[in-house]
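# Coordinates in review
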Amino acid sequence: MDQNLKWETTTESDIAVEFSTIHGKLTGDIEGYTKIVKDALINVLIPSTLGSYNPSGSGGYVLTNAASIQNKGVEVSLNWHDQINSHLSYFVGANITFNQNTVVGLNGGQPYIDGPIGADQPDVTRTDNGHPIGSFYVQKVVGVFQSQADIDNYKDKNGNILEPGTEPGDFKYQYDANGHLDSVFAGSYQPKEYFGVNMGMNYKNFDLSIVLIGSLGGKIYNGKKAFRQSLLDNVESSTADNYWTNSNHSNSEPRANGGDLPASTYFVESGNYVRINNVNIGYTIPAAAIEKTKVISSLRIYISAQNPLTLKAYSGFTPEIQSSSPTSAGIELNAYPSVKTYSIGVNVGF
Amino acid sequence: MNKKIIYGSILMATLLSVACQKNFLNVQTTTPTPSNDPTVAMDLVSGVYSSLIYVDPGGGWNYDTHGISFVAATDIMSDDADKGSYLADQPGVLDLDNFTETAGNSFVAALWNGYYVGIGRVNNALAALAVAKLDTATANRLIAEVRFIRGYYYFNLVRFFGGVPIVITVPNGPKAANSNASYVTRASVTEVYNNVIIPDMQFAMNELPPKAGTSTGRINRGIAEGMLAKVYLYLQNWQMAFSLTQDIINSGQYSLVPDYSTIWRQAGDNNAESIFEIETGGFGGTDAGIPLYSEFQGPRNAGGGWNNPTFPDATGDLGWGFCTPSTSLISAYDSGDLREAASIIFVNPSFAAPTGDTLWDGFVIPKRSSVQALYYNYKAYHSEKLETFYGNRDRKEKNIHLFRFAEVLLINAEAANELGQASTATTDLNQVRTRAGLPNTTAVSQSDIRTAIWNERRVELALEHDRFFDLVRTGRAAQAMTAAGKNFAAGKNELLPIPSVQIALSGGKLTQNPGY
């Protein structure tokens with residue numbers, strides 16, 4: 001443990017405008033914010049030459065005041081409601097946040113490395129100045145070698161073949177000018193925009209409400225795919241159907257392999273999604289119809305759906321990934337699909 | 001209600017003030033520190049010993065000194081054994097077997113982590129011993145014991161990785177590498193030998209009592225002297241290798257046991273031939289062996305037939321079937337060599353035979369169709385019936401025999417031969433051959449004797465984690481690996497890659513080995 005641990009400190013500055021116009025039908029606020037967490041407490045991996053080992057964890061992690069992280073952005077929210085006539089009213093509200101997460105200081109002076117997956121990808125993420133926390137830092141796939149000639153022609157500036165041991169169907173990775181494998185920052189789980197919409201209407205005795213949420217700009221690392229260690233492990237049907245063969249010259253899927261691929265952009269997928277979080281339709285029995293019971297004062301019947309539809313770019317079950325540490329966020333290893341719930345109900349008032 | 005609270009508060013305040021006057025809340029607690037309690041230092045020494053048989057508390061294989069990563073990077077990587085199991089099982093180990101491993105290989109990382117965490121334990125123990133109130137003799141003995149282990153770990157590191165960072169002090173906190181680059185900068189191979197390995201082993205040799213005066217399992221003079229002789233063999237300092245081994249021979253503390261095959265049974269643990277052995281055993285009614293060492297290499301099921309009448313309690317096969325002896329090793333034994341059947345479990349190759357072979361304890365290997373491979377490592381076999389066993393196959397009690405008197409004779413022979421003393425060399429060599437049931441060597445010329453000793457080392461020390469290092473030491477690795485059909489790149493595969501994570505953590509100060 002770090003003997004000099006201290007509390008992290010947060011400084012936040014906001015500027016906001018709230019307004020209400022068109023006879024109060026349109027309300028809204030716009031807020032700009034900057035929040036800096038200084039000396040954030042993070043479990044960081046340190047060189048094992050220091051003799052480190054955290055007996056409760058799975059590596060040489062030390063909890064320390066590791067970094068300062070800035071969240072900067074603009075939040076806009078607009079709400080509209082209107083009563084058309086005595087039977088019909090409706091409302092629409094939307095909010096969107098444009099957020100930029102950036103590491104603005106590393107107390108150790110060096111980037112933090114995290115995100116170990118399986119036997120061959122020990123360091124998928126990097127937390128470095130100027131990038132979002134836990135960014136994926138991986139080799140860049142530029143294509144798939146289609147032929148031996150392709151491999152032989154992929155050379156550095158001195159004419160040396162860059163990937164001599166490979167075969168057609170293997171990935172072609174990006175190299176720098178000196179012929180070294182190039183790793184690139186390939187985004188992070190932190191979304192750049194997230195938004196919510198809620199809307200509803202009342203018509204006579206019917207009511208309807210819908211809530212939508214979503215986020216854009218985040219990335220997900222398909223750790224399930226990356227973790228595969230053996231030829232006997234299950235693969236997604238898209239991998240099984242599309243892998244490179246002599247007759248199927250894919251430029252994005254490699255040939256069938258034993259799973260021990262290095263970390264690369266191949267495993268980085270878009271985290272964009274929109275989800276209908278909730279739909280609720282109800283009908284309130286007219287008061288006159290139930291008045292004579294003298295027991296019940298109100299009665300509403302409704303149908304609701306929780307999470308009925310998710311539109312997502314990610315190929316796994318769900319774009320919402322739990323993670324134990326922000327420095328390894330968005331690596332999907334075993335996420336369950338999100339549950340859809342449909343219900344029919346009655347609200348009774350006495 | 002309010003009154004009760006007021007009265008209560010007065011009562012509490014009175015109690016507190018009374019208590020404070022009596023210093024009730026200020027009891028002096030004594031946290032044990034190395035300087036006020038010598039058991040702290042002694043416990044840290046025990047921690048160093050336990051690093052020889054690491055158990056990853058996270059349940060993974062993240063650090064290793066003598067477990068499966070060690071087996072993979074010594075025997076499986078050599079031409080003595082193949083990966084074993086089914087093809088797709090543990091591709092990271094297959095990569096080591098085929099020399100296609102990358103710097104991200106988790107087994108390689110486990111070795112780096114394991115040895116450096118062990119070295120960290122030594123450094124912490126030494127810091128505590130420096131201030132512990134122990135009598136000088138005890139303190140010096142403990143210092144010598146842990147320094148030997150540090151020297152041994154560096155000897156393994158330098159053979160696996162080449163020059164490595166020299167860490168012989170306790171780093172000052174987790175950011176120490178930022179202020180002191182030597183923690184993450186590689187020293188040269190020569191520096192590692194001259195500044196750590198030799199001084200540590202020499203100190204241990206000077207300070208420690210011989211085997212006869214040491215309780216079993218503790219590092220003694222013979223261990224330090226023998227391992228130092230091996231270090232000088234690697235440095236081709238023939239004179240030192242010769243005189244140290246001669247001193248061990250003359251000490252009368254060691255001899256070859258008559259029956260080679262008994263060495264790897266519990267009955268053979270710490271026998272007259274044993275020099276450096278990693279101790280395992282039952283501990284508090286549970287098994288306390290090196291995690292998976294025996295199970296990893298145990299014969300593996302290929303479908304039914306493992307219900308053994310002589311072992312009603314044993315169910316299923318014996319392990320995962322890794323590290324299967326190679327045909328290259330088998331062909332290295334001369335006919336009549338007693339060591340062949342003692343080192344290798346031969347599965348009856350006939351599919352018609354009703355059962356396979358019977359092991360020394362009566363365990364019957366089932367018929368061919370029930371076993372995955374034809375050959376398994378007998379030296380890793382543990383008898384569940386006749387040896388200590390409490391039921392945890394993951395941690396079977398299997399001592400590792402890291403250094404035996406037979407190797408002292410072979411080092412003595414090799415050094416003597418290089419020094420021009422052919423008759424001493426052949427006398428040593430013939431002692432080893434006689435025990436193996438073989439006639440004396442026919443080699444006469446210096447070069448033939450050298451080859452004969454190298455060949456003898458292979459069969460005498462088969463599957464004892466020496467072969468790969470020995471091939472590299474003698475410059476034969478590329479030729480031997482090519483002969484065994486392996487994809488070995490000379491100038492690259494003599495060393496393992498430095499783990500990529502460690503290079504990244506060093507901010508690039510740690511440099512990669514050539515070719516990776």
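One numbering rule holds for all chains: residues counted from 1, following each sequence as written. Lettering for chains starts from A, numbering for ligands starts from 1, and both go in the order in which the items are written. For a predicted model such as this one, the threshold for reporting local features is a pLDDT of at least 70, and the threshold for listing and counting side-chain atom pairs is 80 or more; totals across whole chains, interfaces and linings nevertheless cover every residue.

### Side note on the overall build of chain B
We count it as follows: Secondary structure elements follow DSSP: runs of H or I of four or more residues count as helices, runs of E of two or more count as strands, with numbering from the N terminus. Every radius of gyration here is taken over C-alpha atoms, with the globule rule written as 2.2 Å times N^0.38, N being the number of residues. Here the C-beta atoms are placed from the backbone, and a residue counts as buried if at least 20 other C-beta atoms lie within 10 Å of its own, exposed if 12 or fewer do, and partly exposed otherwise. A pair of residues counts as a contact when their C-beta atoms, built from backbone coordinates, are within 7 Å of each other.
When helices and strands are tallied, chain B shows 19 helices and 10 strands. On C-alpha atoms alone, chain B measures out to a radius of gyration of 26 Å, which is about the 24 Å that the 2.2 N^0.38 rule sets for 516 residues. The principal-axis extents of the C-alpha atoms in chain B amount to approximately 100 × 55 × 45 Å. Counting all 516 residues of chain B, 50% fall into the buried class. Counting contacts in chain B only where the partners sit at least 6 residues apart, residues at least 24 apart contribute 66% of the total.

### Here's the deal with the overall build of chain A
Looking only at helices and strands, chain A has four helices and 17 strands in total. In terms of C-alpha radius of gyration, chain A reaches 27 Å, well past the compact-globule figure of 20 Å for 350 residues. Each principal axis of the C-alpha distribution contributes one length, and for chain A these read about 90 × 60 × 45 Å. Burial statistics for chain A: of 350 residues in total, 29% are counted as buried. Residue pairs in contact within chain A that sit at least 24 positions apart in sequence constitute 69% of those at least 6 positions apart.

### Some points on the nonpolar core
General note: in soluble globular proteins, nonpolar side chains tend to be found buried as a group. Quick note on the threshold: Think of a nonpolar core as buried Ala, Val, Leu, Ile, Met, Phe, Trp, Tyr and Cys residues chained together by C-beta atoms that fall within 7 Å. For the domain bounds, the source is a domain assignment made automatically or taken from a database.
Counting 156 residues, the largest nonpolar core has Ala73, Ala125, Met201 and Ala224 of chain B as its most contacted members. For this core, the element with the most residues is helix H5 (residues 106-131) of chain B, which contributes 15 residues. Counting contributing residues, this core receives three or more from each of domain 1 (38-250 + 496-505) and domain 2 (281-398) of chain B. Beyond its immediate stretch of four places on either side in the chain, alanine 224 of chain B contacts Phe148, Met201, Ala204, Met205, Leu208 and Ile219 of chain B. Formed by 24 residues, the second largest nonpolar core is a distinct cluster that contains Val124, Val138, Tyr173 and Ala263 of chain A.

### Here we look at helix H3 (residues 68-76) of chain B
For H3 of chain B, a buried count of nine out of nine residues is recorded, marking the element as mostly surrounded by other parts of the structure. For H3 of chain B, every residue scored as buried is listed here: Ile68, Ser69, Phe70, Val71, Ala72, Ala73, Thr74, Asp75 and Ile76 of chain B.

### Observations concerning the sheet that holds strand S16 (residues 298-312) of chain A
Residues and elements named next belong to chain A. Let me state the cut-off plainly: Here, a strand pair is defined by DSSP locating no fewer than two bridges between the strands. Each axis is a line fitted through C-alpha atoms, and for a helix only the stretch in contact is used; angles between axes span 0 to 180 degrees, taken between their N-to-C directions.
Taken together, nine strands build an open sheet; the order of strands is S1-S2-S3-S4-S11-S12-S15-S16-S17 and the sheet is antiparallel. The strands lining the two open edges of the sheet, one partner per strand, are strand S1 (9-21) and strand S17 (341-349). Taken pair by pair, the neighbouring strands of this sheet meet at an average axis angle of 15°, ignoring direction. Inspection of the sheet shows strand S12 (residues 206-216) paired to strand S15 (residues 273-284) by 10 bridges, in the antiparallel sense. The partner of isoleucine 210 across the bridge, within S15, is valine 279.

### Focus: the packing of helix H14 (residues 405-418) of chain B against helix H16 (residues 446-460) of chain B
Residue and element names in this part refer to chain B. Using the following cut-off: The scheme is simple: roughly parallel for angles under 35 degrees, roughly antiparallel for over 145, roughly perpendicular for 65 to 115, oblique for anything else. By the definition used in this description, the sense in which the near helix is turned from the far one sets the handedness, with an anticlockwise turn below a right angle giving left-handed and a clockwise turn giving right-handed. Asp, Glu, Lys and Arg are counted as charged, while Ala, Val, Leu, Ile, Met, Phe, Trp, Tyr, Cys and Pro are counted as nonpolar; the rest, among them Gly, fall into the polar class.
Contact pair H14 / H16: the axes reach a minimum separation of 10 Å and the direction vectors enclose 165°. In this view, H14 runs roughly antiparallel relative to H16, as classed from their interaxial angle. Like other packed secondary-structure pairs, H14 and H16 cross with a definite hand, here left-handed. On the side of H14, the interface is formed by Ala406, Leu410, Ala413, Glu414 and Asn417, while H16 contributes Gln446, Ile449, Arg450, Ile453, Glu456, Arg457 and Glu460. Grouping the constituent residues of the contact of H14 with H16 by class yields five nonpolar, two polar and five charged.

### Observations concerning the pairing of S1 of chain A
Residues and elements named next belong to chain A. Across the 13 residues of S1, zero count as buried, placing the element largely on the outside. Bridge analysis of S1 against strand S2 (residues 26-45) gives 13 bridges, and the strand direction is antiparallel. Across the sheet, the residue bridging to glutamate 18 is aspartate 29, located in S2. What sits between the antiparallel neighbours S1 and S2 is a turn of four residues, in which isoleucine 22 has the positive phi angle 50°.

### As for the domain arrangement of chain B
All names here are of chain B. Taken domain by domain, chain B consists of domain 1 (38-250 + 496-505) and domain 2 (281-398). Taking only C-alpha atoms into account, the centre of domain 1 sits 29 Å from that of domain 2. Facing 16 residues of domain 1, the contacting portion of domain 2 comprises 18 residues. Those elements that provide at least two residues to the side of domain 1 that touches domain 2 are H3 and strand S1 (81-84). The residue inventory of the side of domain 1 that touches domain 2, partitioned by class, reads seven nonpolar, four polar and five charged.

### Regarding the sheet that holds strand S10 (residues 183-185) of chain A
Residue and element names in this part refer to chain A. Sheet architecture is open: four strands sit in the order S5-S6-S7-S10, paired in antiparallel fashion. In this open sheet, the two edge strands, each paired with only one partner strand, are strand S5 (112-114) and S10. Taken pair by pair, the neighbouring strands of this sheet meet at an average axis angle of 35°, ignoring direction. Relative to strand S6 (residues 125-127), S5 is paired through three bridges, and the arrangement is antiparallel. Among the inter-strand pairings, isoleucine 113 is bridged to a residue of S6, identified as arginine 126.

### A look at helix H9 (residues 221-234) of chain B
All names here are of chain B. Note the following rule: The span expected for a helix works out to 1.5 Å for each residue beyond the first.
Under the 1.5 Å per step criterion, the end-to-end length of H9 is 20 Å for 14 residues, consistent within 8% with the ideal 20 Å. In terms of burial, H9 is largely enclosed, as 13 of its 14 residues are buried. Trailing H9 by a residue or two, glutamine 236 shows a phi angle of about 55°, which is positive.

### A short note on the packing of H3 of chain B against helix H4 (residues 91-98) of chain B
Residues and elements named next belong to chain B. For the pair H3 and H4, interaxial distance at closest approach is 9 Å and the crossing angle is 25°. Accordingly, the angle class assigned to the pair H3 and H4 is roughly parallel. Relative to H4, H3 is oriented so that their crossing is right-handed. On H4, the residues that touch Ala72, Ala73 and Ile76 of H3 are Val93, Leu96 and Asp97. The residue inventory of the contact of H3 with H4, partitioned by class, reads five nonpolar, no polar and one charged.

### Here we look at unusual backbone geometry
Residue and element names in this part refer to chain A. Of note, the phi angle at lysine 204 is positive, near 50°, even though the residue is not glycine. Locating lysine 204 in the fold gives a position in the loop between strand S11 (193-203) and S12. The phi torsion at asparagine 307 lies on the positive side, around 55°, for a residue other than glycine. Judged by the 17 C-beta atoms lying within 10 Å of it, asparagine 307 falls in the partly exposed class.

### A word on the environment of glutamate 253 of chain A
Residue and element names in this part refer to chain A. Following the sequence through the fold, glutamate 253 ends up in the loop between helix H3 (237-242) and strand S14 (268-270). Spatially, the C-alpha atom of glutamate 253 lies 9.7 Å from that of alanine 240, the residues being 13 residues apart in sequence. When neighbours within four sequence positions are excluded, glutamate 253 is seen to be in contact with Thr239, Asn242, Tyr243 and Trp244.

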